[in-house]
Amino acid sequence: MDEQTLVRQAVQARQRAYCPYSRFAVGAALHTATGKVFTGANVENVSSGLTVCAERTAVLKAVSEGERDFEALAIVCGEGACAPCGACRQVLFEFAPELEVIMADAQGTVHLRRRLRELLPHAFSPGRGQV
Ligand SMILES: [Zn+2]
């Protein structure tokens, strides 16, 4: 799948964000090794600690549908690049340390690309202690 197609799906997912408190809508699209795409949007809660990010929404959907091998993740927010938060980096690292993370704005312009391993150096990994 080409990058722009994945980014477009993240742009569409962003429109489904539930963010009445922050008004900060984020969309994500996760491409699996089997060629599927799982999208996610951030879902806020009045109890702010219960808010779930778009990236984790996408990965939890994928894993719960039997997918565990991921190749690329597009993340879209308003303007400029939007990097995944630490919690999302850790959850994604569990399955895909070499994941390509594509960060784009709401118009679909890509601003930054990084491997997840670069975004989360010295991660706490399933092999614990491996750096
Ligand atoms: Zn997050």
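Everything here concerns the structure above.
The model shown is predicted, which means the values in this text are computed figures rather than measured ones.

Colleague: In this structure, what is going on with the packing of helix H2 (residues 54-64) against helix H3 (residues 86-93)? I would like to understand it.
Modeller: The geometry of H2 relative to H3 is characterised by a closest axis approach of 9 Å and an angle of 20 degrees between their N-to-C directions. With respect to H3, the element H2 is oriented roughly parallel. H3 is crossed by H2, and the crossing has left-handed handedness. Contact residues: H2 offers Glu55, Arg56 and Val59, while H3 offers Ala87, Cys88, Val91 and Leu92. Of the residues in the contact of H2 with H3, the class split is 5 nonpolar, no polar and 2 charged.

Colleague: Help me out: how do you make sense of the coordination of the zinc ion in this one?
Modeller: Reference values for coordination geometry: four tetrahedral donors around a metal ideally subtend 109.5 degrees, six octahedral donors ideally subtend 90 or 180 degrees. Here the zinc ion is held by the protein donor atoms Cys53 (SG), Cys85 (SG) and Cys88 (SG), which lie 2.2 to 2.4 Å from it. One chain supplies every donor to the zinc ion, and in sequence these donors are spaced C-x31-C-x2-C. According to the relative accessible area criterion, Cys85 is partly exposed, its value standing at 32%.

Quick notes on the rules
Residues numbered from 1 in each chain as written. Predicted model: local features only at pLDDT ≥ 70, side-chain atom pairs only at ≥ 80, totals over all residues. Heavy atoms only, no water. Axes fitted to C-alpha atoms, helices over the stretch in contact; angles between N-to-C directions. Helix = DSSP H or I, 4+ residues; strand = E, 2+ residues; numbered from the N terminus. Parallel < 35°, antiparallel > 145°, perpendicular 65-115°, else oblique. Left-handed = near helix turned anticlockwise from the far one by under 90°. Contact = heavy atoms within 4.5 Å. Nonpolar A, V, L, I, M, F, W, Y, C, P; charged D, E, K, R; others polar. Donors = N, O, S within 2.8 Å, 3.2 Å for Na, K, Ca; no water. Buried < 20%, exposed > 50% of the residue type's maximum accessible area, 1.4 Å probe, protein only.

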